[in-house]
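Chain and residue survey
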Amino acid sequence: REVVDAFLAAVRSRDLQALLAVLDPDAVRRADHAVEAPGRMRLVRGARAVADSVLEVAGILAALARPAVVNGTAGLVIVDPEGRLRTVIGFTVTGGRIAAIDVFLDPARLDRLDVL
């Protein structure tokens, strides 16, 4: 939880150096594209590329992301004003750093995730 909280704090402050500090140098970000290509994942590799891609959506994350437990580990969720789950973000933490970020937007995938 501590690493994911540090990630969210870095995103909220748009602090690139703090974000890079919590990312493994070989970090990856995978994101599904429910609208553009259902069932396919987009991959970004390397801490700097992952940080840049995360900072592109920092405003949304800063305003709407909330801590959650995703498939038994620390994660984040975005819920719309009507209370519907819109995005689930799962993390793989290795050696105290984020090695992988998985972003799920596809409603079919969201229904299969265990989110608390």
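Note that the structure is a prediction, hence the values are computed from the model and not measured.

Next up on the list: the nonpolar core. In a soluble, globular protein the nonpolar side chains are often hidden away together inside. Counting 28 residues, the largest nonpolar core has F7, L19, L23 and I101 as its most contacted members. Mapped by element, the contributors of at least two residues to this core are α1 (2–13), α2 (16–22), β1 (23–33), α3 (47–56), α4 (58–64), β4 (73–79), β5 (85–94) and β6 (97–104). Ranked by the residues each element gives to this core, the list is headed by α1, at six residues. Non-local contacts of L23, meaning those with residues more than four positions away in its chain, are made with A47, V50, A51, R97, I98 and I101.

Let's shift gears to the pairing of β6. Counting buried positions along β6 yields six of eight residues, so the element is predominantly enclosed. Note that β5 and β6 share seven bridges and pair antiparallel. If you follow V93 over to β6, its bridge partner there is I98. The turn joining β5 and β6, which pair antiparallel and follow one another in sequence, is formed by two residues; a positive phi near 60 degrees is taken by G95.

Turning next to α1. If you check α1, its first and last C-alpha atoms are 17 Å apart, about what 12 residues at 1.5 Å a residue would give, namely 16 Å. Restricting attention to buried positions, one finds in α1 the residues V3, V4, F7, L8, A10 and V11. In a view along the axis of α1, the buried residues occupy a sector of 160 degrees, so they form one face of it. At the C-terminal side of α1, R14 shows a positive phi close to 55 degrees.

Under the counting rule described, the total for this entry stands at one aromatic pair. Here F7 and F91 contribute two aromatic rings whose centre-to-centre distance is 5.0 Å and whose plane-to-plane angle is 65 degrees, an arrangement assigned as edge-to-face. One end of the pair, F7, is in helix α1; the other, F91, is in strand β5, and 84 residues separate them in sequence. You'll find F7 and F91 in the same group, each marked buried.

A cluster of nonpolar side chains, V57, I60 and L64, forms an exposed patch at the surface whose accessible area comes to about 250 Å². Along the polypeptide, L64 turns up in helix α4.

What counts and what doesn't
- Residues numbered from 1 in each chain as written.
- Predicted model: local features only at pLDDT ≥ 70, side-chain atom pairs only at ≥ 80, totals over all residues.
- Heavy atoms only, no water.
- Core = buried A, V, L, I, M, F, W, Y, C linked by side-chain atoms within 4.5 Å.
- Buried < 20%, exposed > 50% of the residue type's maximum accessible area, 1.4 Å probe, protein only.
- Helix = DSSP H or I, 4+ residues; strand = E, 2+ residues; numbered from the N terminus.
- Contact = heavy atoms within 4.5 Å.
- Pairing = 2+ DSSP bridges.
- Expected span 1.5 Å × (residues − 1).
- Arc of directions from axis to C-beta.
- Phe/Tyr/Trp six-rings, centres within 6.5 Å; stacked < 30°, edge-to-face > 60°.
- Patch = residues over 30% accessible without salt bridge, like charges linked within 9 Å, V, L, I, M, F, W, Y side chains within 5 Å.
- Areas by Shrake-Rupley, 256 points an atom, 1.4 Å probe, with all protein chains shown as cover.
- Salt bridge = Lys/Arg side-chain N within 4 Å of Asp/Glu carboxyl O.

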